[in-house]
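The lines below spell out each chain.
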Amino acid sequence: MDYLAEKFLKAKKIPSTACSGCGLGQVHKKVLMAIDELGLGSADVVWGTGIGCAGRQTFNTWKGDNFAGTHGRVYALATGLRLALQPEQKIVLTVGDGDAFGIGLLHLLHCIRRNVDMTVIVADNFGYQSTGGQYGYTTPSGSITDSSPYGMQDPNWVQDGRDILDILKSAGAGFLARHTSVEGQNAVESIKQAINFKGFSLVHIVYPCVTNFFGKALGSRKPVDAYRWLKERTNPAQDNLEGITFTTGVYHKALDKRQEFSEQMRKFTGNVQKRCQS
Ligand code: SF4
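Quick summary incoming for the structure in this document. No experiment lies behind these values; they were computed from the predicted model shown. (Residues numbered from 1 in each chain as written. Predicted model: local features only at pLDDT ≥ 70, side-chain atom pairs only at ≥ 80, totals over all residues. Heavy atoms only, no water.)

**Some points on the nonpolar core**
With 29 residues, the main nonpolar core has Ile-35, Trp-62, Ile-121, Ile-191 and Val-203 as its most contacted residues. For this core, the secondary-structure elements that each account for two or more residues are helix H1 (3-8), helix H2 (24-37), strand S1 (45-49), helix H3 (52-58), strand S4 (118-124), strand S7 (175-180), helix H8 (185-196) and strand S8 (200-206). A total of 6 residues in this core trace back to one element, the largest contributor, which is H2. With residues up to four places along the chain from it excluded, the contact list for Ile-35 reads Phe-8, Leu-40, Val-45, Trp-47, Trp-62 and Ile-195. In this structure, Phe-67, Val-74, Ile-112 and Phe-200 belong to the second largest nonpolar core, which totals 27 residues. (Core = buried A, V, L, I, M, F, W, Y, C linked by side-chain atoms within 4.5 Å. Buried < 20%, exposed > 50% of the residue type's maximum accessible area, 1.4 Å probe, protein only. Helix = DSSP H or I, 4+ residues; strand = E, 2+ residues; numbered from the N terminus. Contact = heavy atoms within 4.5 Å.)

**Side note on the pairing of S1**
The buried fraction of S1 is high, at 5 of 5 residues. Here S1 shows a buried face lined by Val-45, Trp-47 and Thr-49 and a second buried face lined by Val-46 and Gly-48. One ladder, built from 5 bridges, connects S1 with strand S3 (residues 90-96); its direction is parallel. Bridged to Val-46 within S3 is Ile-91. In terms of strand pairing, S1 meets strand S2 (residues 66-68) through 3 bridges, oriented parallel. Across the sheet, residue Gly-48 finds its bridge partner in S2, namely Phe-67. Following the backbone out of S1, through H3 and into the adjacent parallel S2, one traces a crossover that is right-handed. (Pairing = 2+ DSSP bridges. Right-handed = clockwise from strand over helix to strand, strands pointing away.)

**Observations concerning helix H7 (residues 164-171)**
It helps to recall that an α-helix has 3.6 residues per turn; residues three or four apart then point in one direction. Those residues of H7 lying buried are Ile-164, Leu-165 and Leu-168. Considered in projection along H7, the buried side chains sweep an arc of 100° and stay on one side of the axis. Buried residues in H7 make contact with helix H5 (97-101), helix H6 (105-114), S7, S8 and strand S11 (249-253). Two to three positions downstream of the cap, the backbone nitrogen of Leu-165 sits 2.9 Å from a side-chain oxygen, assigning the N-cap of H7 to Asp-163. (Arc of directions from axis to C-beta. Polar contact = N/O pair within 3.5 Å; in protein donor to acceptor, adjacent residues only side chain to side chain.)

**Details of the site of the ligand**
Residues in contact with the ligand, as listed here, are Ala-18, Cys-19, Cys-22, Cys-53, Asn-125, Gln-129, Tyr-207, Cys-209, Val-210, Thr-211 and Asn-212. Here the residues of the shell around the ligand are counted per class, giving 7 nonpolar, 4 polar and no charged. (Near = heavy atom within 4 Å. Nonpolar A, V, L, I, M, F, W, Y, C, P; charged D, E, K, R; others polar.)

**Here we look at the pairing of S3**
Two faces, one strand: in a regular strand the side chains alternate between the faces of the sheet. Of all 7 residues in S3, 7 are buried, a share of seventy percent or more. Where burial is concerned, the two faces of S3 agree: the one with Lys-90, Val-92, Thr-94 and Gly-96 and the one with Ile-91, Leu-93 and Val-95 are both buried. Relative to S4, S3 is paired through 5 bridges, and the arrangement is parallel. Among the inter-strand pairings, Thr-94 is bridged to a residue of S4, identified as Ile-121.

**Overview of H6**
Among all positions of H6, only Leu-105, Leu-108, Cys-111 and Ile-112 are buried. Along the long axis of H6, the arc covered by the buried residues comes to 120°, so they all point the same way. Among the structural elements, helix H4 (73-84), H5, S4, H7 and S8 are those in contact with the buried residues of H6. Of the residues one or two after H6, Asn-115 is the one with positive phi, at around 60°.

**Let's talk about empty space enclosed by the protein**
The gaps left among the atoms become clear once a water-sized probe is rolled over them. According to the stated counting rule, one finds 1 cavity of 30 Å³ or more in the structure shown. When its volume is computed, the largest cavity comes out at roughly 50 Å³. Along the walls of the largest cavity sit Arg-82, Lys-90, Ile-91, Asp-117, Met-118, Thr-119, Ile-195 and Phe-197, which together make up its complete lining. Only S3 and S4 provide two or more residues apiece to the lining of the largest cavity. Of the residues assigned to the lining of the largest cavity, the class counts are 4 nonpolar, 1 polar and 3 charged. (1 Å grid on protein atoms, 1.4 Å probe; cavity = no way out; pocket = protein on both sides within 12 Å on 5 of 7 lines; lining within 4 Å. Points joined across faces, edges and corners; volume = space filled by probe spheres on them.)

**Some remarks on the packing of aromatic side chains**
Evaluation of the coordinates by the stated rule reveals 10 aromatic pairs. With a centroid separation of 4.9 Å and an interplanar angle of 45°, the aromatic rings of Phe-126 and Phe-213 are classed as tilted. One end of the pair, Phe-126, is in the loop between S4 and strand S5 (127-128); the other, Phe-213, is in helix H9 (residues 213-217), with 87 residues separating them in the sequence. Across the pair, exposure class does not vary: Phe-126 and Phe-213 are buried alike. Aromatic rings pair up to connect Phe-126, Phe-213, Phe-214, Trp-229 and Phe-246 into one cluster. Sitting over the ring of Phe-197, Lys-257 keeps its end group 5.3 Å from the ring centre. (Phe/Tyr/Trp six-rings, centres within 6.5 Å; stacked < 30°, edge-to-face > 60°. Lys NZ or Arg CZ within 6 Å of the ring centre and 35° of its normal.)

**What to know about the side chain of Thr-139**
With respect to the helices and strands, the residue Thr-139 is situated in the loop between strand S6 (134-135) and H7. On the basis of relative accessibility, which here comes to 0%, the residue Thr-139 falls in the buried class. A polar atom in the side chain of Thr-139 sits 2.7 Å from the backbone oxygen of Phe-126.

By themselves, these figures tell us nothing about what the structure is for.
See the structure below:
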């Protein structure tokens, strides 16, 4: 077993039940590397998961405390935990693109509005892959999927001048980054910054679903084809490339920090208690 898996994950959950060649393991490993490099242990982090492939493959793998929520509700559970936990304890959530940018988006926006201290890792596989490969909120336009046999025509959140990270920034997110699963240490460094950020942070990581998305859109289930496709579109240089590209790196880091939700609530309830006693 890999050193990080042995250190942080439950042995009975290894190997993962993800399809062979799935990029989810790469996403998961980067988060473990970040935790390890920050010198954190399994008692320092509470790990929550959402629904879909990202949630299912990550759920209950962490040796420390963990929990799962239905679509979008994982943020509400994490908010309650944030109020109960010691401020130095970290909350990391692994969610899919549906949990973050679709069904769960409104819940995510309100969590950001409140500036709850947690780190959300969005593991984006371009659609509803756990239910057979229907198109979703980040499916590249024109893609052949289970529900778009003639090519996806529905506008998505990441093309044609739209970027979901703009919306999250406007809602008040303090730290935002984007990466792809084929990247290395630069992605780990962003996750480390996100975990250390006091307030809400999110890292969007695109990864290949070899079974459904790439099997249908590219017509190949060979991991080598899926990884080549993603690598060719991974653009850490911040320059403009034609077509589908993922500009990667830190997208936004707030200079003026907003008050964090649990700190504000502790202060507020302390003042109310004092007034009630006087
Ligand atoms: S369906 Fe796709 S995203 Fe889900 S585990 Fe299989 S390869 Fe990974």
